[in-house]
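Residues per chain are reported as follows:
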Amino acid sequence: MTNPEASGRDAQSRRLTAEHATARALVSAASMDEAAPKILEAICDSLGWEHGAFWTIDRTADLLRCAEIWNLPSVSFPEFDAISRSIAFQRGIGLPGRVWASGQPAWIPDVTSDTNFPRSKVAAREGLHAAFGFPILLRGEVQSVLEFFSREIRKPDAELLSMLSAVGHQIGIFLDRRRAQEELDRFFQLSIDMLCIVGFDGYFKRVNPAWQRILGYTQEELLSRPYLDFVHPDDRSATVAGAEHLSEGKELLHFENRYLHKDGTMRWLLWTAAPIADQQVIYGAARDITERKEAEATLALLVRELEFSKRRAEEATEAKSAFLANMSHEIRTPLNAILGMTSLALGTRLTAEQRDFITTVKSSADALLEIVNDVLDFSKIEARRLDLERVQFDVRETVGDAVKLLAFRASEKGLELAYDVARDVPDALVGDPGRLRQVLINIVGNAVKFTAAGEVLVRVATRQPGDDDRGVHLHFQVSDTGIGIPGDKVAHVFEAFTQADASTTRRYGGTGLGLAIARRLVELMNGRLWVESEVGLGSTFHFTAAFEPASDTPAARVAAAPRELEGLRVLVVDDNATNRRILVEMLASWHMAPTAVGDARAALLALQRASPTAAHFHAVITDCQMPEVDGFTLARWIKNDARLRGIPLVMLTSIGQSEDASRLRRLGISAYLTKPVKHSDLFNTFASLFSVATRLEAAEDAPPPTPRPRRPLRVLVAEDHAVNRKLVTTILNKRGHTVEAVEHGAAALAAFEASADQPFDIAIMDFEMPELGGLEATKAIRQREGDGRRRLPIVALTAHAMEGDRQRSLAAGMDDYLSKPIDVDRLIATVERLADANGAGAPAQDAASLPEAVAPAVTFDADAALRHTGGDRDLLKQLIALYRADAPMSIRKIARAAKAGDAETVRIAAHTLKGSVATVGGAAGRAAAARLEAIARSGSLDGADVALARLRTELEKLEHEFHAADLVAPARRAGVRRAPGRRRQGRRS
Ligand code: ADP
């Protein structure tokens, strides 16, 4: 009898022994393969089983194979060992296969009688009976199977099986840990970064091979010395602080320090580290960022260098611009003197040869001034000192004026020059019309310059602005059929002093500044300038510009077409399709009813067909130069046809077709217009043809200066530049005024103080002078002008041509402002007007409220005169000839009538003379005639003799000017006394 309690205790202690022995075997072995025989022995030994085998899974074949066998030393089962080693089990087959499939321990009391035990025969032969097996599970998955055999038949022992199942689990966990450990070790060895464990005692406990690779020290060297020894001396205190931070239990992220390399160089390390306080260690990972640091340092150096270079370049640009500004300023000063003195010289008696020489000097000086202005503009833009004006202006007028200025040159070359402003472009906008004109003149000027044949077309359209932009955006296009620009040169033409082709300068002239300035001006207008071009075919320059909408639109006069023009049928005859389209567009914009045809024959046919019907034409507008049948012939045909004779005919001529003027008159043409036709000119022509009260009439001229000063003035002139001083002094002396000229503001102040007994009537002060500038001197004078002392009018004089000078001078207490080059008439008019206003006891005005200086009527306004002839000099010459033949007769007539007291005849003759002298640009003469007319209109002729004398003087001066400008052609007898375009036709014939 066995004691069941004792045998239970015995079994339990054997199980415990088996468990311990297994654990021992595992801990002492490096791997499961190494541990397997010991585990087999430990279990067999402690449990009293004779044979054990260790089966591992062959993952590739998905089969179990025997890896290890152990037998009790006292027995042997050679045949069973052999078959176990040679056999392989699938999942579910035999004992190991069953354990594998179920993941559970299995017990067979007697294998010799088991149906699923392939080795049963051999087992029977060698006397093996009972068997059990259990799995080693790793994360729930069977890794291997252990099986044990006994020579006895044994009943299943549930407790034993559950103990073995626990053992299998533990082995699995143990193996799992070991594998993880191995993984970590492998990573530790492989890491590119430096990994370490550092004790709180200041020594490395463990370092990975990266340390040696990066710092050159062996592991032993690193572990043998305090780690601070390896830290760069400059970084030690920061490192100690970092270590303290860690020893307080906090992590350290993104800490950088330098370590010394064994070779004496150093390495930058970027650290992250975390402390394990209870183990008194720090886990650290460091990365070698030396290369990045060096790159950063190089980059920082480069950035510094770049900033330095940029600053230097900017300084150089500014210095260059300031130099250019100064230079052009310095050049303008003597140039002023040249222009002023030549003007004076041209006013004296000269031989024809001298006049020719001096006229050449003057035109050269004018050209030079233009270049200097370009340079000044450019440098102001470069130095960011150019501000745009903001005034209301009429877009169509501005574009038209700019384009018309080039009409003469275009016509000389036989080019068609046209412009087209889309109907939806508003008439009035706010912006800088002067600068817009400058850009247009430059681009259109280039187009004309670089085109030998064909046409130049300017188009203006609106563009959709951006979402939050309420401005008006315009798109300008200037197309030509000229030489074009090679693709590789296109980008360069906008650079300063650059031309597409070096030979350009020789052939076409120019400085290469125009487009550079234009581009910058356009950019200031929030637009851009670009070009599309093809060599040999032509170029299209585009630019955009933004303007503000005009708040009130008094200039929107043309758009609001008068009723009288509505529905009038006009026949447009032009061989050029673009021109036809533009004319039709303009006429239609006033609600007229235009019809266009391309030649004279078609025109005649259309006219004849329509004439008997209600759809007859009210007017014809025809180009004069057309292939086959020209405009004149068409005019003759019309005039020869009784039914058509009455239709008013408007002729389009090109500027420079001087011989045409007389033909126009002979042919009874109602009006003529020079191409390109300006919107306002066409409107005025039709308005006048159909007697519409036009709202485009220019305002009456401002009152001109008297031909003689009312009284001699005492003028104080402060100007540091000797030539200018002389120029101003001479001009004023010639007018009979006395001048005291000083060189600077301090002297001016002294002269002012000394003049209490005999006060000056007016002072002229240069802005910039040594000692004391004009502004400062003015302020000082204003301070000294206590009550009782009469206020001295002061006029500023400057060559600056900068915006804001007028404001500055007015703010300083000056009364008006004159910019150089000195305009003789303007100087005189301003000086005399201010002195007279002051002398008449006029109350001193608040300077800021002073009106803009009124432009005096000049003796000869050549621009206005050329405008009247559309820029045609030859035509102007003829008109002047007519005027010269006429004027003396008119004067004699006036004199006779005045003597006879016939005010009405005086009025009519003065009125007629006023018109003809105005046509040829005699602004001052026109004013004198107007005065005489006004006197006569009052019915009495009081003062008429004085007015007549003035008129004579003015006409004499005008005569001089005509000679000076070389506009006196050998007089031709012609019977017409007015400009043809001015003649009016009856209403709707
Ligand atoms: P420039 O005063 O020399 O004309 P710009 O700056 O106005 O200077 O023009 C620069 C160059 O661009 C010109 O010299 C010319 O080579 C080229 N260019 C400008 N406009 C045209 C054009 N319409 N057709 C062909 N070439 C042009």
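Residues numbered from 1 in each chain as written. Predicted model: local features only at pLDDT ≥ 70, side-chain atom pairs only at ≥ 80, totals over all residues. Heavy atoms only, no water.

Draft legend 1. Focus on the overall build of the protein chain. Looking only at helices and strands, the protein chain features 32 helices and 28 strands. Counting only residues that meet the buried cut, the protein chain has 47% of its 989 residues in that class. Residue pairs in contact within the protein chain that sit at least 24 positions apart in sequence constitute 66% of those at least 6 positions apart. For the protein chain, the exposed area adds up to about 47,800 Å²; of that, 52% sits on carbon and sulfur atoms. (Helix = DSSP H or I, 4+ residues; strand = E, 2+ residues; numbered from the N terminus. Buried < 20%, exposed > 50% of the residue type's maximum accessible area, 1.4 Å probe, protein only. Contact = heavy atoms within 4.5 Å. Areas by Shrake-Rupley, 256 points an atom, 1.4 Å probe, with all protein chains shown as cover.)

Draft legend 2. Quick peek at the pairing of strand β14 (residues 428–431). The two faces of β14 match: A428 and V430 on one face and L429 and G431 on the other face are all buried. As paired elements, strand β12 (residues 391–394) and β14 share four bridges and run antiparallel to each other. Its bridge partner being in β14, V391 is matched across the sheet by G431. (Pairing = 2+ DSSP bridges.)

Draft legend 3. Region of the structure containing the environment of F188. Within the fold, F188 resides in helix α6 (residues 158–190). Overall, the relative accessible area of 11% leaves F188 in the buried class. Between the C-alpha atom of F188 and that of N208, which follows or precedes it by 20 residues, the distance is 5.9 Å. Those residues in contact with F188 that sit more than four places away from it in its chain are L195, R206, V207, N208 and P209.

Draft legend 4. Quick peek at unusual backbone geometry. A positive phi is found at D62, a non-glycine position, where the angle reads about 55°. Within the secondary structure layout, D62 lies in the loop between β1 (51–58) and β2 (63–71). Take D62: its relative accessible area is 39%, and that puts it in the partly exposed class. The backbone of E628 shows a phi angle near 65°, a positive value even though the residue is not glycine. Topologically, E628 is positioned in the loop between β21 (619–623) and α20 (631–640).

Draft legend 5. A look at the layout of surface pockets. The computed volume of the second largest pocket comes to approximately 340 Å³. Taken together, 16 residues make up the lining of the second largest pocket; nearest its centre are M32, D33, Q143, L175 and R179. Broken down by secondary-structure element, the contributors of at least two residues to the lining of the second largest pocket are α2 (32–47), β1, β6 (141–149) and α6. For the lining of the second largest pocket, the class distribution of residues is six nonpolar, four polar and six charged. (1 Å grid on protein atoms, 1.4 Å probe; cavity = no way out; pocket = protein on both sides within 12 Å on 5 of 7 lines; lining within 4 Å. Points joined across faces, edges and corners; volume = space filled by probe spheres on them. Nonpolar A, V, L, I, M, F, W, Y, C, P; charged D, E, K, R; others polar.)

Draft legend 6. Quick peek at the nonpolar core. By size, the foremost hydrophobic cluster in this structure holds 51 residues, and its most contacted members are V399, L440, V444, L474, F476, F543 and F547. In terms of residue count, the dominant contributor to this core is helix α14 (residues 433–449) (seven residues). If you look at the next biggest cluster of nonpolar residues, it comprises 30 residues, including M32, L40, F134 and L164. (Core = buried A, V, L, I, M, F, W, Y, C linked by side-chain atoms within 4.5 Å.)

Draft legend 7. Here's a closer look at the pairing of strand β9 (residues 252–260). Sheet analysis places β9 next to strand β10 (residues 266–276), joined by eight bridges and oriented antiparallel. What sits directly across from E256, in β10, is L270. From the end of β9 to the start of β10, which pair antiparallel, there are five residues, and G264 there has a positive phi angle of about 95°.

Draft legend 8. Region of interest: the sheet that holds β9. Taken in spatial order, the five strands of this open sheet run β8-β7-β11-β10-β9, and their pairing is antiparallel. Every interior strand has two partners, whereas the edge strands, β8 (204–207) and β9, have only one. Adjacent strand axes in the sheet meet at a mean angle of 30° when their direction is disregarded. Pairing geometry for strand β7 (residues 194–199) and β8, over three bridges, is antiparallel. Note that in β8 the partner of C196 across the bridge is V207. Packed onto the sheet, helix α9 (residues 236–247) meets β9, β10 and β11 (281–288) and runs at close to 145° relative to β9. Its contacts with the sheet place helix α10 (residues 290–346) against β9, β10 and β11, and it is angled at close to 125° to β10. (Axes fitted to C-alpha atoms, helices over the stretch in contact; angles between N-to-C directions.)

Draft legend 9. Fine view of a nonpolar patch on the surface. A cluster of nonpolar side chains, contributed by L299, L302 and V303, occupies part of the molecular surface with about 270 Å² of accessible area. By the secondary structure assignment, L302 is in helix α10. Here L302 falls in the partly exposed class, since its relative accessible area comes to 48%. (Patch = residues over 30% accessible without salt bridge, like charges linked within 9 Å, V, L, I, M, F, W, Y side chains within 5 Å. Salt bridge = Lys/Arg side-chain N within 4 Å of Asp/Glu carboxyl O.)

Draft legend 10. Layout of empty space enclosed by the protein. The final tally for this structure, using the stated rule, is five cavities of 30 Å³ or more. Approximately 190 Å³ is the volume found for the largest cavity. Lining of the largest cavity is provided by 16 residues; of these, Y227, T239, L246, W271 and A273 occupy positions nearest its centre. Along the lines of polarity and charge, the residues of the lining of the largest cavity split into 12 nonpolar, four polar and no charged.

Draft legend 11. Examining helix α31 (residues 923–937) more closely. Under the 1.5 Å per step criterion, the end-to-end length of α31 is 21 Å for 15 residues, consistent within 8% with the ideal 21 Å. On its buried face, α31 sits against α29 (873–900), α30 (903–919) and α32 (944–964). (Expected span 1.5 Å × (residues − 1).)

Draft legend 12. A look at the environment of I764. With respect to the helices and strands, I764 occurs in strand β26 (residues 762–766). Between the alpha carbons of I764 and V715 there is a distance of 7.5 Å; along the sequence they are 49 residues apart. If sequence neighbours within four positions are ignored, I764 has contacts with V715, L716, V717, A718, V728, L732, V795, L797, L827 and V831.

Draft legend 13. View of the confidence of the model for the protein chain. This prediction gives the protein chain a mean pLDDT of 82; 87% of its residues lie at or above 70. With pLDDT under 50 throughout, residues 693–705 is counted as low confidence; its partners more than four residues away or in other chains account for 22 contacts. Below a pLDDT of 50 lies the segment residues 840–856, which in the model reaches 23 contacts outside its immediate sequence neighbourhood of four places, other chains included. (pLDDT = per-residue confidence, 0-100.)

Draft legend 14. Region of the structure containing helix α19 (residues 600–610). Buried residues of α19: A600, A603, L604, L607 and A610, and no others. Viewed end-on, α19 has its buried residues packed into an arc of 145°, placing them on one side of the element. Contacts made by the buried residues of α19 are with β19 (569–573), β20 (593–597), β21 and α20. Among the residues of α19, the N-terminal cap falls to D599, whose side-chain oxygen and the backbone nitrogen of R601 are separated by 3.1 Å. (Arc of directions from axis to C-beta. Polar contact = N/O pair within 3.5 Å; in protein donor to acceptor, adjacent residues only side chain to side chain.)

Draft legend 15. Looking closely at the pattern of salt bridges. Within the structure shown, the criterion is met by 43 salt bridges. Here D815 ties to R791 by a salt bridge, and the two come within 2.6 Å at their closest N and O atoms. Of the two residues, D815 sits in the loop between α26 (805–811) and β28 (816–819) while R791 sits in the loop between α25 (774–784) and β27 (794–798), which places them 24 residues apart along the sequence. Taking relative accessible area as the criterion, D815 reaches 8% and is therefore assigned buried. In this structure R791 comes out as buried when scored by relative accessible area, which is 19%. In this structure, E959 engages R884 in a salt bridge whose closest nitrogen and oxygen atoms are separated by 2.8 Å.

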